[in-house]
Amino acid sequence: MIGPKKSLGQNFLIDKNIISKIMNFTKVKDRNIVEIGPGKGALTDEIIKKKPKTLLIIEKDNLLFDSLIEKYSKFKNVKVVNADILKFDLEKKMKSNSVIFGNLPYNISSQILVKLIKFETWPPKFSDLILMFQKELGEKITSKFPSSKYGRLSIISNFRLDNIAKFIVSENCFFPKPKVKSMVIHFKPKKNTFKINNVSNLEKITNYLFSKKRKMINKSIIKILSKDEIKQIPELKTNLRPSDISPSIYFKITQIFEEN
Ligand code: SAM
(Lines give C-alpha, C1' and ligand atoms only; values in the text may rest on other atoms or scores of the structure.)
Protein backbone atom coordinates (compact mmCIF):
# COMPACT_ATOMS: atom_id res chain seq x y z
CA MET A 1 0.00 0.00 0.00
CA ILE A 2 1.50 3.35 -1.06
CA GLY A 3 0.88 6.28 1.31
CA PRO A 4 -0.21 9.84 0.42
CA LYS A 5 2.35 11.72 -1.69
CA LYS A 6 3.55 14.98 -0.16
CA SER A 7 4.96 16.07 -3.53
CA LEU A 8 1.40 16.07 -4.95
CA GLY A 9 -0.08 17.91 -1.96
CA GLN A 10 -2.15 14.89 -0.96
CA ASN A 11 -4.13 15.82 2.14
CA PHE A 12 -7.47 14.08 1.80
CA LEU A 13 -10.66 15.55 3.23
CA ILE A 14 -12.23 13.28 5.84
CA ASP A 15 -14.75 15.62 7.49
CA LYS A 16 -18.29 15.14 6.17
CA ASN A 17 -19.49 18.53 7.52
CA ILE A 18 -16.84 20.39 5.55
CA ILE A 19 -17.70 18.42 2.42
CA SER A 20 -21.38 19.35 2.74
CA LYS A 21 -20.52 23.00 3.48
CA ILE A 22 -18.53 23.10 0.22
CA MET A 23 -21.35 21.43 -1.69
CA ASN A 24 -23.93 23.85 -0.27
CA PHE A 25 -22.23 26.85 -1.88
CA THR A 26 -23.93 26.23 -5.22
CA LYS A 27 -26.40 24.10 -7.15
CA VAL A 28 -24.93 21.02 -8.84
CA LYS A 29 -28.00 19.27 -10.24
CA ASP A 30 -28.09 19.30 -14.07
CA ARG A 31 -24.99 21.47 -14.29
CA ASN A 32 -21.60 20.75 -15.85
CA ILE A 33 -19.06 20.20 -13.11
CA VAL A 34 -15.24 20.09 -13.15
CA GLU A 35 -13.17 18.89 -10.21
CA ILE A 36 -9.43 19.52 -10.03
CA GLY A 37 -7.47 16.92 -8.01
CA PRO A 38 -10.27 14.52 -6.96
CA GLY A 39 -7.87 12.31 -4.98
CA LYS A 40 -9.85 9.43 -3.49
CA GLY A 41 -13.16 11.06 -4.39
CA ALA A 42 -14.28 12.64 -1.10
CA LEU A 43 -15.90 15.57 -2.93
CA THR A 44 -16.54 13.62 -6.13
CA ASP A 45 -18.88 11.17 -4.37
CA GLU A 46 -21.03 14.03 -3.09
CA ILE A 47 -21.05 15.78 -6.47
CA ILE A 48 -22.30 12.57 -8.12
CA LYS A 49 -25.05 12.15 -5.49
CA LYS A 50 -26.36 15.58 -6.51
CA LYS A 51 -26.86 14.42 -10.13
CA PRO A 52 -24.76 16.75 -12.28
CA LYS A 53 -25.34 16.79 -16.03
CA THR A 54 -21.64 15.99 -16.62
CA LEU A 55 -18.61 15.69 -14.37
CA LEU A 56 -15.00 16.02 -15.53
CA ILE A 57 -12.33 15.12 -12.96
CA ILE A 58 -8.60 15.70 -13.52
CA GLU A 59 -6.09 13.79 -11.40
CA LYS A 60 -2.31 13.70 -11.93
CA ASP A 61 -1.50 10.70 -9.72
CA ASN A 62 -1.48 7.51 -11.85
CA LEU A 63 -2.50 5.19 -9.02
CA LEU A 64 -5.35 7.40 -7.87
CA PHE A 65 -6.42 7.74 -11.51
CA ASP A 66 -6.65 3.93 -11.83
CA SER A 67 -8.83 3.64 -8.74
CA LEU A 68 -11.02 6.58 -9.84
CA ILE A 69 -11.60 4.87 -13.20
CA GLU A 70 -12.60 1.70 -11.39
CA LYS A 71 -14.89 3.58 -9.01
CA TYR A 72 -16.65 5.85 -11.49
CA SER A 73 -16.65 4.09 -14.89
CA LYS A 74 -20.24 2.93 -14.26
CA PHE A 75 -21.41 6.56 -14.38
CA LYS A 76 -21.84 7.51 -18.02
CA ASN A 77 -21.80 11.26 -17.25
CA VAL A 78 -18.41 11.10 -15.46
CA LYS A 79 -15.12 11.55 -17.34
CA VAL A 80 -11.87 10.82 -15.52
CA VAL A 81 -8.70 12.34 -16.99
CA ASN A 82 -5.13 11.51 -15.98
CA ALA A 83 -3.32 14.83 -16.46
CA ASP A 84 -1.38 17.63 -14.84
CA ILE A 85 -3.90 20.48 -14.52
CA LEU A 86 -1.16 23.02 -15.27
CA LYS A 87 -0.59 21.43 -18.70
CA PHE A 88 -4.20 20.47 -19.43
CA ASP A 89 -6.22 22.73 -21.78
CA LEU A 90 -9.14 23.11 -19.39
CA GLU A 91 -10.61 26.15 -21.14
CA LYS A 92 -11.14 24.11 -24.31
CA LYS A 93 -12.95 21.37 -22.39
CA MET A 94 -15.27 23.70 -20.46
CA LYS A 95 -18.99 23.50 -21.04
CA SER A 96 -21.32 26.44 -20.40
CA ASN A 97 -22.89 27.04 -16.98
CA SER A 98 -20.11 25.09 -15.27
CA VAL A 99 -18.92 24.92 -11.70
CA ILE A 100 -15.26 24.23 -10.89
CA PHE A 101 -14.44 22.60 -7.56
CA GLY A 102 -10.97 21.88 -6.20
CA ASN A 103 -9.37 21.07 -2.91
CA LEU A 104 -6.11 22.11 -4.49
CA PRO A 105 -2.60 20.67 -4.10
CA TYR A 106 -1.05 23.45 -2.01
CA ASN A 107 2.29 23.66 -3.79
CA ILE A 108 0.65 24.77 -7.07
CA SER A 109 -2.63 26.31 -5.91
CA SER A 110 -1.77 29.90 -6.81
CA GLN A 111 -0.60 28.76 -10.27
CA ILE A 112 -3.91 26.95 -10.78
CA LEU A 113 -5.88 30.05 -9.74
CA VAL A 114 -3.86 32.27 -12.11
CA LYS A 115 -4.39 29.76 -14.94
CA LEU A 116 -8.17 30.00 -14.47
CA ILE A 117 -8.04 33.81 -14.29
CA LYS A 118 -6.08 33.86 -17.56
CA PHE A 119 -8.76 32.06 -19.60
CA GLU A 120 -8.91 33.76 -23.02
CA THR A 121 -12.67 34.21 -23.16
CA TRP A 122 -14.19 36.33 -20.40
CA PRO A 123 -16.75 36.02 -18.86
CA PRO A 124 -15.73 32.34 -18.89
CA LYS A 125 -17.96 29.29 -19.19
CA PHE A 126 -17.82 28.67 -15.45
CA SER A 127 -20.10 30.72 -13.25
CA ASP A 128 -18.89 29.41 -9.89
CA LEU A 129 -15.38 28.59 -8.74
CA ILE A 130 -15.06 26.89 -5.36
CA LEU A 131 -11.46 26.30 -4.31
CA MET A 132 -9.58 25.38 -1.16
CA PHE A 133 -6.20 26.98 -0.38
CA GLN A 134 -3.88 27.18 2.59
CA LYS A 135 -5.40 29.78 4.92
CA GLU A 136 -2.55 32.24 4.54
CA LEU A 137 -2.73 32.16 0.76
CA GLY A 138 -6.53 32.47 0.92
CA GLU A 139 -6.11 35.61 3.02
CA LYS A 140 -3.76 37.09 0.44
CA ILE A 141 -6.16 36.31 -2.41
CA THR A 142 -9.17 37.84 -0.64
CA SER A 143 -7.40 40.77 1.03
CA LYS A 144 -8.78 44.22 0.33
CA PHE A 145 -6.83 47.36 -0.51
CA PRO A 146 -5.27 48.73 1.67
CA SER A 147 -4.25 46.00 4.09
CA SER A 148 -1.14 44.14 5.24
CA LYS A 149 -1.93 41.03 3.14
CA TYR A 150 -2.68 43.03 -0.04
CA GLY A 151 -0.43 42.06 -2.94
CA ARG A 152 -0.13 40.73 -6.48
CA LEU A 153 -2.53 37.82 -5.93
CA SER A 154 -5.29 40.06 -4.59
CA ILE A 155 -4.82 42.41 -7.56
CA ILE A 156 -4.92 39.67 -10.20
CA SER A 157 -7.88 37.93 -8.54
CA ASN A 158 -9.71 41.22 -8.10
CA PHE A 159 -9.30 41.91 -11.83
CA ARG A 160 -11.59 39.06 -12.87
CA LEU A 161 -13.18 37.48 -9.81
CA ASP A 162 -15.44 38.46 -6.94
CA ASN A 163 -15.06 36.37 -3.83
CA ILE A 164 -18.51 36.09 -2.41
CA ALA A 165 -18.03 33.69 0.51
CA LYS A 166 -15.32 31.85 2.42
CA PHE A 167 -14.73 29.76 5.51
CA ILE A 168 -11.78 28.32 7.45
CA VAL A 169 -11.09 24.58 7.66
CA SER A 170 -9.20 23.04 10.59
CA GLU A 171 -6.14 20.80 10.11
CA ASN A 172 -8.12 17.99 11.76
CA CYS A 173 -10.45 17.71 8.76
CA PHE A 174 -7.75 16.01 6.64
CA PHE A 175 -5.67 12.88 6.49
CA PRO A 176 -2.75 13.23 6.65
CA LYS A 177 -3.12 16.30 8.84
CA PRO A 178 -1.49 19.37 7.21
CA LYS A 179 0.63 21.77 9.31
CA VAL A 180 -1.70 24.74 8.74
CA LYS A 181 -5.38 25.61 8.42
CA SER A 182 -7.13 25.91 5.05
CA MET A 183 -9.65 28.28 3.51
CA VAL A 184 -12.44 27.53 1.05
CA ILE A 185 -13.34 30.45 -1.21
CA HIS A 186 -16.37 30.78 -3.47
CA PHE A 187 -15.63 33.04 -6.46
CA LYS A 188 -17.88 34.36 -9.22
CA PRO A 189 -16.42 35.74 -12.46
CA LYS A 190 -16.84 39.49 -12.91
CA LYS A 191 -18.88 40.32 -15.99
CA ASN A 192 -17.52 43.79 -16.70
CA THR A 193 -13.81 44.06 -16.28
CA PHE A 194 -11.30 46.79 -17.04
CA LYS A 195 -10.09 46.53 -20.64
CA ILE A 196 -6.74 44.75 -20.58
CA ASN A 197 -5.69 42.83 -23.71
CA ASN A 198 -3.49 40.27 -22.03
CA VAL A 199 -3.79 39.38 -18.34
CA SER A 200 -0.18 38.14 -18.46
CA ASN A 201 0.88 41.80 -18.67
CA LEU A 202 -0.93 42.58 -15.41
CA GLU A 203 0.73 39.51 -13.91
CA LYS A 204 4.21 40.57 -15.09
CA ILE A 205 3.78 44.16 -13.91
CA THR A 206 2.52 43.22 -10.44
CA ASN A 207 5.21 40.52 -10.09
CA TYR A 208 7.89 43.01 -11.01
CA LEU A 209 6.71 45.85 -8.76
CA PHE A 210 6.02 43.57 -5.78
CA SER A 211 9.46 41.95 -6.13
CA LYS A 212 10.68 45.20 -4.53
CA LYS A 213 7.82 45.30 -2.05
CA ARG A 214 9.34 47.60 0.57
CA LYS A 215 10.95 50.06 -1.83
CA MET A 216 9.39 53.16 -3.36
CA ILE A 217 8.36 52.54 -6.96
CA ASN A 218 10.42 55.43 -8.40
CA LYS A 219 13.16 53.18 -9.81
CA SER A 220 10.99 50.26 -10.92
CA ILE A 221 8.04 52.10 -12.52
CA ILE A 222 10.31 53.80 -15.09
CA LYS A 223 11.18 50.32 -16.42
CA ILE A 224 7.48 49.89 -17.25
CA LEU A 225 6.21 53.35 -18.25
CA SER A 226 7.91 56.45 -19.64
CA LYS A 227 7.83 59.71 -17.61
CA ASP A 228 5.06 61.07 -19.85
CA GLU A 229 3.02 57.92 -19.43
CA ILE A 230 3.39 58.09 -15.64
CA LYS A 231 1.94 61.62 -15.79
CA GLN A 232 -1.20 60.21 -17.45
CA ILE A 233 -2.07 58.63 -14.08
CA PRO A 234 -2.21 61.54 -11.61
CA GLU A 235 -2.64 59.22 -8.58
CA LEU A 236 0.59 57.39 -9.44
CA LYS A 237 3.16 59.18 -7.28
CA THR A 238 6.66 57.75 -7.53
CA ASN A 239 7.25 57.89 -3.77
CA LEU A 240 4.54 55.25 -3.22
CA ARG A 241 5.34 51.63 -2.32
CA PRO A 242 3.70 48.80 -4.32
CA SER A 243 1.20 48.09 -1.53
CA ASP A 244 0.05 51.77 -1.51
CA ILE A 245 -1.30 51.45 -5.06
CA SER A 246 -4.92 50.37 -5.59
CA PRO A 247 -5.97 47.60 -8.01
CA SER A 248 -7.55 50.08 -10.44
CA ILE A 249 -4.22 51.96 -10.72
CA TYR A 250 -2.45 48.66 -11.52
CA PHE A 251 -5.07 48.06 -14.21
CA LYS A 252 -4.43 51.56 -15.65
CA ILE A 253 -0.64 51.00 -15.61
CA THR A 254 -1.18 47.78 -17.58
CA GLN A 255 -3.51 49.48 -20.05
CA ILE A 256 -1.02 52.26 -20.79
CA PHE A 257 1.83 49.71 -20.98
CA GLU A 258 -0.17 47.77 -23.60
CA GLU A 259 -0.72 50.89 -25.75
CA ASN A 260 3.02 51.01 -26.48
N1 SAM B 1 -10.10 16.32 -3.57
C2 SAM B 1 -9.46 15.34 -2.69
C3 SAM B 1 -9.95 15.53 -1.28
O4 SAM B 1 -10.50 16.62 -1.00
O5 SAM B 1 -9.77 14.64 -0.47
C6 SAM B 1 -7.94 15.43 -2.77
C7 SAM B 1 -7.33 16.77 -2.44
S8 SAM B 1 -5.57 16.79 -2.35
C9 SAM B 1 -5.34 18.26 -1.39
C10 SAM B 1 -5.03 17.33 -3.96
C11 SAM B 1 -5.21 16.34 -5.09
O12 SAM B 1 -4.69 16.90 -6.30
C13 SAM B 1 -4.46 15.01 -4.91
O14 SAM B 1 -5.30 13.96 -5.25
C15 SAM B 1 -3.28 15.11 -5.89
O16 SAM B 1 -2.83 13.86 -6.36
C17 SAM B 1 -3.88 15.95 -6.99
N18 SAM B 1 -2.87 16.71 -7.78
C19 SAM B 1 -1.68 17.17 -7.36
N20 SAM B 1 -1.06 17.85 -8.34
C21 SAM B 1 -1.90 17.82 -9.42
C22 SAM B 1 -1.83 18.35 -10.75
N23 SAM B 1 -0.77 19.05 -11.17
N24 SAM B 1 -2.85 18.13 -11.60
C25 SAM B 1 -3.96 17.42 -11.17
N26 SAM B 1 -4.08 16.90 -9.94
C27 SAM B 1 -3.07 17.10 -9.06
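Everything below is about the structure shown above.
Numbering of residues starts from 1 in each chain and follows the order in which that chain's sequence is written. Two thresholds apply to this predicted model, a pLDDT of at least 70 for residue-level local features and 80 or more for giving and counting side-chain atom pairs, whereas whole-chain, interface and lining totals are computed over all residues. Hydrogens are left out, water is left out, and the side-chain values use all remaining heavy atoms of the structure.

Asker: Mind showing me how you'd approach the pairing of strand β6 (residues 126-134) here?
Answerer: In regular strands, side chains alternate between the two faces of the sheet. Only protein chains enter the accessibility calculation, which uses a 1.4 Å probe. A residue is then buried if its area is under 20% of the maximum for its type, exposed if over 50%, and partly exposed in between. Secondary structure follows DSSP: runs of H or I at least 4 residues long count as helices, runs of E at least 2 residues long count as strands, and numbering of each begins at the N terminus. Here β6 lies mainly inside the structure; seven of its nine residues are buried. When DSSP locates at least two bridges between a pair of strands, those strands are taken to pair. Of the strand pairs in this sheet, strand β5 (residues 98-103) and β6 are connected by six bridges, and their pairing is parallel. Bridge pairing in β6 links I100 to L129. As for the winding sense of the linkage, the β-α-β connection from β5 through helix α5 (residues 109-117) to β6 is right-handed. Seen with its strands pointing away from the viewer, a crossover is right-handed when the path leading from the first strand over the helix to the second is clockwise.

Asker: Sorry if this is basic, but what is going on with the environment of F133 here?
Answerer: With respect to the helices and strands, the residue F133 is situated in strand β6. Taking the C-alpha atoms as reference points, F133 and K181, separated by 48 residues in sequence, lie 8.9 Å from one another. Note on contacts: a residue pair is in contact if any heavy atoms of the two residues lie within 4.5 Å. If we ignore the near neighbours within four places in the chain, the residues touching F133 are L104, Y106, S109, L113, G138, I141, S182, M183, I185 and F187.

Asker: Quick question: what am I supposed to make of the site of the ligand here?
Answerer: If even one non-hydrogen atom of a residue comes within 4 Å of a molecule or strand, that residue is called near it. The environment of the ligand is made up of 23 residues, and the closest members are L13, G37, E59, D84 and N103. In the environment of the ligand, a nitrogen atom lies 2.8 Å from a nitrogen or oxygen atom belonging to the backbone of G37. The definition of a polar contact used here is a pair of N or O atoms within 3.5 Å, where within protein one atom must be able to donate a hydrogen and the other to accept one, and adjacent residues in sequence count solely through side-chain atom pairs. Residue N103 places a side-chain N or O atom 2.7 Å away from an oxygen atom belonging to the ligand. Taken by itself the ligand offers 590 Å² of open surface, and the protein chains cover 99% of this. Here the Shrake-Rupley method, with its probe set to 1.4 Å, supplies the accessible areas, and only the displayed protein chains count as covering residues.

Asker: Help me understand the pairing of strand β3 (residues 54-59) in this model?
Answerer: Taken across its six residues, β3 has five buried, putting it largely inside the fold. Between the parallel elements strand β2 (residues 32-36) and β3, the chain passes through helix α2 (residues 42-49) in a crossover that is right-handed. Two elements, β3 and strand β4 (residues 78-82), share five bridges in a ladder whose sense is parallel. The residue bridging L56 from the neighbouring strand is K79, located in β4. Handedness of the crossover joining β3 and β4 through helix α3 (residues 62-72) is recorded here as right-handed.

Asker: Explain the sheet that holds β4 here, please?
Answerer: In any sheet, the strands associate via hydrogen bonds between backbone groups, in a parallel or an antiparallel arrangement. The strand order across the open sheet formed by seven strands is β4-β3-β2-β5-β6-β9-β7, and the pairing between neighbours is mixed. Strands with a single pairing partner mark the edges of an open sheet, and in this sheet they are β4 and β7 (161-169). Across the sheet, the mean angle from the axis of one strand to that of its neighbour is 15 degrees, orientation sign disregarded. Pairing geometry for β6 and strand β9 (residues 182-189), over six bridges, is antiparallel. Of the residues in β9, the one forming a bridge with M132 is V184. Its contacts with the sheet put helix α6 (residues 135-142) on β6, β7 and β9, and the angle it makes with β9 is roughly 30 degrees. Only the stretch in contact is used when fitting a helix axis, every axis being a line fitted to C-alpha atoms; angles between N-to-C directions are given from 0 to 180 degrees. Contacts between helix α7 (residues 152-160) and the sheet are confined to β7 and β9, with β7 contributing the most and set at about 125 degrees to the helix.

Asker: Sorry if this is basic, but what is going on with the side chain of S109 here?
Answerer: Relative to the assigned elements, S109 resides in helix α5. Here the side chain of S109 touches Y106 through a polar contact of 3.2 Å, landing on its backbone oxygen. With residues near it in sequence (within four places) discarded, S109 still touches L104, F133 and L137.

Asker: Sorry, what's going on with empty space enclosed by the protein here?
Answerer: To find leftover empty space, a probe the size of one water molecule is rolled over the atoms. In this analysis a 1.4 Å probe is tested at points of a 1 Å grid over the protein atoms alone, and where it fits but cannot get out there is a cavity; an open set with protein on both sides within 12 Å along at least five of seven lines is a pocket; lining residues have an atom within 4 Å of a point. Grid points are joined across faces, edges and corners, and a volume is the space filled by probe spheres set on the points. Within this structure, the stated rule accounts for one cavity of 30 Å³ or more. As a volume, the largest cavity reaches approximately 40 Å³. Along the walls of the largest cavity sit I22, L43, F101, G102, N103, I130, L131, M132 and V184, which together make up its complete lining. Mapped by element, the contributors of at least two residues to the lining of the largest cavity are β5 and β6.

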